[in-house]
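Breakdown of the fold
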Amino acid sequence: MFRIKTLTSALALGLALATPSFAQGIQEAPSTVGATYVAESATDALAPGEKIENLYTKNVSQDYILQKLTDRVYFYQRQFYGTIFYVGDEGVLMIDALEGRADTLKAAVAEVTDLPITAILYSHDHADHIADAGKLLESFPDARVIATDATVEVMGETGSNIPSPTEIIPSDVNSFAFEDMTVRVVPFAETAHAHDHAMYVLEGTGVVHVPDVINPDQPPFWSFAGAEGYMGYSDMIDHIGDLEWDYLSGGHGNVGSRADVEFYQTFLDDLEAAVGEALGNVPWGAGIEAPEELNAHTAYLSNWIAEVGKYATNVLRPKYGEYYGFEYATPKNAELVGMYMFSYR
């Protein structure tokens, strides 16, 4: 187990840091929601619905991106991984300790305040979002480390080597205080991304943090951002839309708005329709050129579902093809929807 976990951690870090180092002549993808783009600013707050301009270019050419959302909440992103932090009267609440990014997280905080990081919240037990907690604690050893009891349970079951929380949020409370602010935890009933996944509402600020489930200003990421399957995914998007908020931090992508949730809901409806069409038109055995040469039936399902994904992607391309990552993400997402619709009839 230790060897597998070590290799997995090294792979995750390598993937996180192996981003393009060029930025000349990049044509940014158009907004999925017709957003108004504004210049990045650590001093001027975004209006709800506005987004940061040239986000892809900034991710491959800057040390980090820092954007003020409200009087006390800031949006941070480096190499396509993002989070938010809250500046209190006595210290800073950092939500997630993104892997490989402790130094730039500290630099971003130092841009806007001299206060120390006094609390670190784990949103969920995926190492790419919390693995630099130890490095942050080297600089801020007295910081509270906060997580839900569900996250603590998963960390224990997997033998996590990430610093253990010092404070546990009980499931019958689902909130904690940071100075005068309450952070409300809204667990997902579904487990399409992580077994301990939840939404975090910074009450009184209009900001919600929902890592990985939705990438604002983009279609759904490849494999629905690491989901185990499609079951429950669309319910998760609806669940996000049911909350009251003005700004959404999705962990990846731009600053989110209500329009992003509506775009996802429409896209998923169209994706399901396209996959349904594919299931009715792609024959079993598609993708296999020489069935007489096989000695295992495994090839049939894997090749067929891949052809379903290609078919559905072709159906969606006229409407969505120009959007961020469509060609790379949609075939796999269509396969997951295909397996769901094939299995549950």
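1. Section: the environment of Val33
Tracing the sequence through the fold places Val33 in the loop between α1 (2-17) and β1 (37-38). In this structure the C-alpha to C-alpha distance between Val33 and Leu115, which are 82 residues apart in sequence, comes to 36 Å. If sequence neighbours within four positions are ignored, Val33 has contacts with Lys51, Asp217, Ala259, Asp260 and Phe263.

2. Thoughts on helix α11 (residues 326-343)
Here α11 contains 18 residues, and its C-alpha end-to-end distance of 25 Å stays within 8% of the 26 Å for a straight helix at 1.5 Å per residue. Within α11 the residues assigned to the buried category are Phe326, Ala329, Thr330, Asn333, Ala334, Glu335, Leu336, Val337 and Gly338.

3. Brief notes about the side chain of Thr151
Counting through the fold element by element, Thr151 comes out in helix α6 (residues 149-158). Those residues in contact with Thr151 that lie beyond four places of it in its chain are Tyr122, Ser123, His124, Asp125 and Asp196.

4. Description of helix α8 (residues 233-242)
Along an α-helix, residues three or four positions apart point the same way, because every turn accommodates 3.6 residues. For α8, every residue scored as buried is listed here: Tyr233, Met236, Ile237 and Ile240. Across the axial projection of α8, the buried residues extend over an arc of 100°, all falling on one side.

5. Quick notes on the pattern of salt bridges
Under the defined criterion, the tally for this structure stands at nine salt bridges. Residue Glu167 pairs with Arg144 through a salt bridge whose shortest N-O separation is 2.6 Å. In this pair, Glu167 sits in strand β9 (residues 167-169) while Arg144 sits in strand β8 (residues 144-148), placing the two residues 23 residues apart along the sequence. Judged by its relative accessible area of 29%, Glu167 is partly exposed.

6. Some thoughts on the nonpolar core
Side chains that are nonpolar tend, in soluble globular proteins, to be buried together. Of all hydrophobic cores here, the largest spans 41 residues; its most connected members are Phe224, Tyr233, Ile237, Ile240 and Leu271. Going through the elements one at a time, β12 (198-202), α8, α9 (258-281), α10 (298-320) and α11 are the ones with two or more residues in this core. Per-element accounting of this core gives the leading share, nine residues, to α9. If we ignore the near neighbours within four places in the chain, the residues touching Phe224 are Tyr230, Tyr233, Leu268, Leu271, Asn333, Leu336 and Val337. If you look at the next biggest cluster of nonpolar residues, it comprises 28 residues, including Ala42, Tyr64, Ile117 and Met155.

7. Remarks on the packing of α9 against α11
With their axes 9 Å apart at the nearest point, α9 and α11 run at an angle of 70° to one another. Relative to α11, α9 is oriented roughly perpendicular. The handedness of the crossing between α9 and α11 is right-handed. For the pair α9 and α11, contact is made by Phe267, Leu271, Glu272, Val275, Gly276 and Leu279 and by Thr330, Asn333, Ala334, Val337, Gly338, Met341 and Phe342, respectively.

8. Concerning the packing of α10 against α11
Closest axis-to-axis distance for the α10/α11 pair is 7 Å, and the angle between their directions is 125°. Here α10 lies oblique to α11, going by the angle between them. Once α10 is placed against α11, the crossing between them reads as right-handed. Residues Leu301, Trp304, Ile305, Ala306, Gly309, Ala312, Thr313, Leu316, Arg317 and Tyr320 of α10 pack against Phe326, Glu327, Thr330, Pro331, Ala334, Glu335, Gly338, Met339 and Phe342 of α11.

9. Focus: the layout of surface pockets
Put simply, the second largest pocket is a space of about 220 Å³. Lining the second largest pocket we find 18 residues, and of these Glu28, Tyr37, Leu55, Asp217 and Asn254 sit closest to its centre. At three residues, the largest contribution of residues to the lining of the second largest pocket is made by helix α2 (residues 55-61). In the lining of the second largest pocket, the residues fall into nine nonpolar, six polar and three charged.

10. So, the environment of Pro163
Tracing the sequence through the fold places Pro163 in the loop between α6 and β9. With 128 residues separating them in the primary sequence, Pro163 and Ala35 have C-alpha atoms 39 Å apart.

11. A few points about the pairing of strand β10 (residues 175-178)
Here β10 shows one buried face, formed by Phe176 and Phe178, and one open face, formed by Ser175 and Ala177. In this structure, β10 lies alongside strand β11 (residues 181-187), joined through four bridges in antiparallel fashion. The residue of β11 that forms the bridge with Phe178 is Met181. Where β10 folds back onto β11 in an antiparallel hairpin, the turn is made up of two residues, including Glu179, whose phi is positive at roughly 50°.

12. A look at the sheet that holds strand β7 (residues 117-121)
Pairing in this open sheet of seven strands is mixed, and the strands run β3-β4-β5-β6-β7-β8-β9 from one edge to the other. The sheet terminates laterally at β3 (65-68) and β9, the two strands that pair on one side only. Geometrically, the sheet is characterised by an average inter-axis angle of 25° between neighbouring strands, direction not taken into account. In this structure, β3 lies alongside strand β4 (residues 73-78), joined through four bridges in antiparallel fashion. What sits directly across from Gln67, in β4, is Phe75.

Criteria and thresholds
The numbering scheme is per chain: residues are counted from 1 as the chain's sequence reads. Per-residue local features of the predicted model are confined to residues with pLDDT of at least 70, and side-chain atom pairs are confined, for both listing and counting, to 80 or more; whole-chain, interface and lining totals are unaffected and use all residues. In computing side-chain properties, one takes all heavy atoms of the structure into account and sets aside hydrogens as well as water. Here a strand is any run of E in DSSP of at least two residues, a helix any run of H or I of at least four, and the numbering for each starts at the N terminus. In this description, contact between two residues means that some pair of their heavy atoms is separated by no more than 4.5 Å. One fewer than the residue count of a helix, multiplied by 1.5 Å, yields its expected span. For each residue, the accessible area found with a 1.4 Å probe, counting protein chains only, is set against the maximum for its type, and the residue is called buried under 20%, exposed over 50%, and partly exposed in between. What the arc describes is the spread of directions from the helix axis to the C-beta atoms. By definition here, a salt bridge exists when the distance from a side-chain nitrogen of Lys or Arg to a carboxyl oxygen of Asp or Glu is within 4 Å. To qualify as a nonpolar core, a set must consist of buried Ala, Val, Leu, Ile, Met, Phe, Trp, Tyr and Cys residues joined through side-chain atoms within 4.5 Å. An axis is simply a line fitted to the C-alpha atoms; with a helix, the fit covers only the stretch in contact. Between two such axes, the angle follows the N-to-C directions and lies from 0 to 180 degrees. Under this scheme an angle from 65 to 115 degrees is roughly perpendicular, one under 35 degrees roughly parallel, and one over 145 degrees roughly antiparallel; angles in between are oblique. Handedness of a crossing is defined here by the sense of rotation of the near helix relative to the far one, left-handed for an anticlockwise turn of less than a right angle and right-handed for a clockwise turn. Buriedness for pockets is judged along seven lines, at least five of which must meet protein on both sides within 12 Å for an open set on the 1 Å grid over protein atoms alone, while cavities are sets there where a 1.4 Å probe fits but cannot get out, and lining residues have an atom within 4 Å of a point. Grid points are joined across faces, edges and corners, and a volume is the space filled by probe spheres set on the points. Note that Gly is not counted as nonpolar here; it falls among the polar residues with everything else outside the nonpolar set of Ala, Val, Leu, Ile, Met, Phe, Trp, Tyr, Cys and Pro and the charged set of Asp, Glu, Lys and Arg. A pair of strands counts as paired when DSSP detects no fewer than two bridges linking them.

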